[in-house]
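A closer look at the structure
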Amino acid sequence: MLGASFCSNRRQNSMAHRNSRRSDSTSSTTNRFPPEGTTNEKDEDNLDHFIYKKMESILERMQDPHTGVIVRTVKSFMSKIPSVFTGADLISWILRNLDVDDTTEALHVAHLMGAHGYVFPIDDHILTVKNDGAYYRFQTPCFWLSRSSEPENTDYAVYLCKRTMQNKQRLELADYEAENLARLQKMFSRKWEFIFIQAEAQAKVDKKRDKLERKVLDSQERAFWDVHRPAPGCVNTTDVDIKKTYRAVKPRQINGRIEHLRRQIERRKIKVSKVAESYLSYFEQYMEFDPFITPPEPSNPWISDNTDHWEQESTTKDIPQRRVKRWSFSVRELLKDNAGREHFRRFLEKEFSAENLKFWEACQKLKFTAQNDVETMVQEIYTEYLAPGACDPVNVDCKVAETVKRRITEDPDRYCFDQAEDHIYQLMKNDSYNRYLRSDMYKEFLGGTKKKPTRSIIPKLPSLSIGGGP
């Protein structure tokens, strides 16, 4: 009843001056607050409006006279504090009635509702909730975010001006409010007389109300402005976030999107038989190199805690045949093995294309270089491999070269060679790597028939002198 009567009076007296010509009567001004229960069509499609409705449904449950939070009038010295409840009562209700098991989570829920002005402390501009004996009130429905439009600066000026006419001990302006009032008075200097008339009319209406009713309504109006014009250091929950607005979609669209994704998951784009066949092929290929399936010699380090197997493969000069065989699986397997990469380098040197591997290695090293050395190393790589007149020029098309040059000029970072690196990698994968696998150099290495320098089995004969000396 208090909120309804207050909103009706606000709709009669809180009018904005829309026309440049001053009106002689306040009855000709427009209505600032929409009627209770009405919403804007654009707000209905707003994701924030959907969240506000969720909060307000919880608030309606809190205000239920039988199962809600207990609201009472508290005596304090010679006065009464009407329609209040404690923060501990609110947290206790959330733990009992919502799907919340932890006090910290319950405090978070209460804080969100306080930040949006649905619950507010009776004597503080900071909209937060604590689990203690401090007193709080519920906001009247006509001030809920889903039912009130964004207020204008003229409305805020009327409110602050009215506060200066009321009980200064109870409604004295805070420092930041006094600064805002001075700023607004300067901004609306031409129509300040009209703003003053409105504030005076509202103050007269407020004086006719009951004292307890006036206390409640003044605190609710103050909380409304604490949401829309928060104190310094507080978050403005009504600000429009550009990124959030860009991502925002209608609730109906969200449900439609969820249903579409569910159908996409149920639909198989790859046949199960093809997946099984690919998995079996991969398993058969790598089965020999899995120490859990094929026992290595020496024993599996993961089973026997014997590291001889790892040390043998890392230190031996004669590379095992099974390790060389793995190089034929893919160019990735070849390049990640240091011995395989070195052998592949010697093959490329014979084909006069070793600069491709050098460039790829330089790009890989660049990605793990300290940030302070990135720019210097970028210039060195570009000068050696891509610049006109480079020492070891790599074979990239002009479009890729121009893209790399532009990125180096604008913002040289550790990823500016990505396009050129990918081009060279594909070149090695589709061309050089296939020729390497077909080469005698690799086949001899795989078969263990690599020729080694052998000593001559015919001893050298001592030089013979013919014709005897003196």
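Rules used throughout
Residues numbered from 1 in each chain as written. Predicted model: local features only at pLDDT ≥ 70, side-chain atom pairs only at ≥ 80, totals over all residues. Heavy atoms only, no water. Helix = DSSP H or I, 4+ residues; strand = E, 2+ residues; numbered from the N terminus. Buried < 20%, exposed > 50% of the residue type's maximum accessible area, 1.4 Å probe, protein only. Contact = heavy atoms within 4.5 Å. Areas by Shrake-Rupley, 256 points an atom, 1.4 Å probe, with all protein chains shown as cover. Salt bridge = Lys/Arg side-chain N within 4 Å of Asp/Glu carboxyl O. Pairing = 2+ DSSP bridges. Core = buried A, V, L, I, M, F, W, Y, C linked by side-chain atoms within 4.5 Å. Axes fitted to C-alpha atoms, helices over the stretch in contact; angles between N-to-C directions. Parallel < 35°, antiparallel > 145°, perpendicular 65-115°, else oblique. Nonpolar A, V, L, I, M, F, W, Y, C, P; charged D, E, K, R; others polar. Phe/Tyr/Trp six-rings, centres within 6.5 Å; stacked < 30°, edge-to-face > 60°. Patch = residues over 30% accessible without salt bridge, like charges linked within 9 Å, V, L, I, M, F, W, Y side chains within 5 Å. Lys, Arg positive; Asp, Glu negative; His and termini not counted. Charge placed at Lys NZ, Arg CZ, Asp CG, Glu CD. Polar contact = N/O pair within 3.5 Å; in protein donor to acceptor, adjacent residues only side chain to side chain. pLDDT = per-residue confidence, 0-100. Expected span 1.5 Å × (residues − 1).

**Quick word on the overall build of the protein chain**
If you tally the helices and strands in the protein chain, you get 23 helices and 6 strands. Counting over 470 residues, the protein chain shows a buried share of 38%. The contacts of the protein chain with a sequence gap of at least 6 include a subset with a gap of at least 24, amounting to 63%. When the accessible surface of the protein chain is split by element, carbon and sulfur atoms take 52% of a total near 30,300 Å².

**Describing the pattern of salt bridges**
Evaluation of the coordinates by the stated rule reveals 20 salt bridges. In this structure, the salt-bridge partner of E177 is R163, at a minimum N-O distance of 3.1 Å. Placement of the pair is E177 in helix 8 (residues 175–187) and R163 in helix 6 (residues 153–165), with a sequence separation of 14 residues. For the pair E177 and R163, one class covers both residues: buried. Note that R326 and E333 form a salt bridge whose closest N and O atoms lie 3.1 Å from each other.

**Considering the pairing of strand 4 (residues 79–86)**
As defined by bridge partners, strand 3 (residues 72–76) adjoins strand 4 across 4 bridges and the pair is classed as antiparallel. Looking at the pairing, R72 lines up with V84 of strand 4. Between strand 3 and strand 4, which follow one another and run antiparallel, lie 2 residues, and F77 among them has a positive phi close to 55°. Sheet topology places strand 4 next to strand 6 (residues 135–138); 2 bridges connect them, and they run antiparallel. The residue bridging F85 from the neighbouring strand is Y136, located in strand 6.

**Quick notes on the nonpolar core**
With 39 residues, the main nonpolar core has F344, F359, I381, L386 and F417 as its most contacted residues. The set of elements that each furnish at least two residues to this core consists of helix 17 (331–336), helix 18 (338–350), helix 19 (354–366), helix 20 (371–386), helix 21 (398–410), helix 22 (418–438) and helix 23 (440–447). When residues no more than four places from it in sequence are discounted, the contact partners of F359 are I381, Y385, L386, V394, F417, A420, E421 and I424. The next biggest cluster of nonpolar side chains, apart from the first, holds 27 residues, and it includes M55, V69, Y118 and Y136.

**Some words on the sheet that holds strand 5 (residues 119–121)**
With antiparallel pairing, the 4 strands of this open sheet are ordered in space as 3-4-6-5. The sheet is open, and its two borders are formed by strand 3 and strand 5, each paired with just one other strand. Across the sheet, the mean angle separating the axes of adjacent strands is 55° when strand polarity is ignored. Contacting strand 3, strand 4, strand 5 and strand 6, helix 4 (residues 87–97) runs over the sheet at an angle of about 25° to strand 4.

**A word on the packing of helix 19 against helix 20**
Running from N to C, helix 19 and helix 20 point in directions that differ by 170°, and their axes come no closer than 11 Å. Comparing the axis directions of helix 19 and helix 20 gives the class roughly antiparallel. In this structure, helix 19 uses E355, K358, F359, A362, C363, K365 and L366 to contact helix 20, whose residues at the interface are V374, M377, V378, I381, Y385 and L386. The class makeup of the residues in the contact of helix 19 with helix 20 is 10 nonpolar, no polar and 3 charged.

**Let's talk about the packing of aromatic side chains**
All told, the structure shown has 18 aromatic pairs when counted by the stated rule. Taking 5.2 Å as the distance between ring centres and 50° as the angle between the ring planes, the aromatic pair formed by Y436 and Y442 counts as tilted. Each member of the pair, Y436 together with Y442, is buried. Feature note: the residues F143, Y156, Y159, F224 and W225 constitute an aromatic cluster, connected by ring pairs.

**Some points on a negative patch on the surface**
A cluster of acidic side chains, namely D99, D101, D102 and E105, defines a negative patch on the protein surface. For D102, the location among the structural elements is in the loop between helix 4 and helix 5 (103–115).

**Notes on the environment of R209**
Relative to the helices and strands, R209 resides in the loop between helix 9 (192–207) and helix 10 (211–228). Separated by 2.3 Å, the side chains of R209 and D206 make a polar contact.

**Here's the deal with the environment of L181**
Mapped onto the elements of the fold, L181 is located in helix 8. Relative accessible area serves as the criterion here: at 13%, L181 is assigned to the buried category. Distance from L181 to V158, taken between C-alpha atoms, is 9.4 Å for residues 23 residues apart in sequence. Every residue in contact with L181, bar those within four places of it in the chain, is listed here: A157, L160, C161, T164, L173 and W192.

**Some remarks on the confidence of the model for the protein chain**
Per-residue pLDDT for the protein chain has a mean of 80; in total, 79% of the residues score no lower than 70. Taken as a whole, residues 1–6 scores under 50 in pLDDT and shows 12 contacts with residues more than four places along the chain or in a different chain. Note on residues 464–470: pLDDT is under 50 here. Beyond four places in sequence and across chains, it has 0 contacts.

**Looking at unusual backbone geometry**
Notably, S83 is not glycine yet its phi reads approximately 55°, a positive angle. Within the secondary structure, S83 is located in strand 4. Non-glycine residue F352 carries a positive phi angle of around 60°. Relative to the elements of secondary structure, F352 occurs in the loop between helix 18 and helix 19.

**Some details on the side chain of T86**
Checked against the element boundaries, T86 lands in strand 4. Within the structure, the side chain of T86 is placed 2.9 Å from the side chain of D89, a separation counted as a polar contact. In this structure, T86 is in contact with R72, D132, G133, A134, Y135 and Y136, ignoring residues within four places of it in sequence.

**Remarks on helix 19**
In a regular helix each residue adds 1.5 Å, so 13 residues correspond to 18 Å; helix 19 covers 19 Å between its end C-alpha atoms and thus fits that length. Among the 13 residues of helix 19, 10 are classified as buried, and the element is accordingly described as predominantly covered. Along helix 19, the residues that are buried comprise A354, E355, N356, L357, F359, W360, E361, A362, C363 and L366. Where helix 19 is buried, its residues touch helix 17, helix 18, helix 20 and helix 22.

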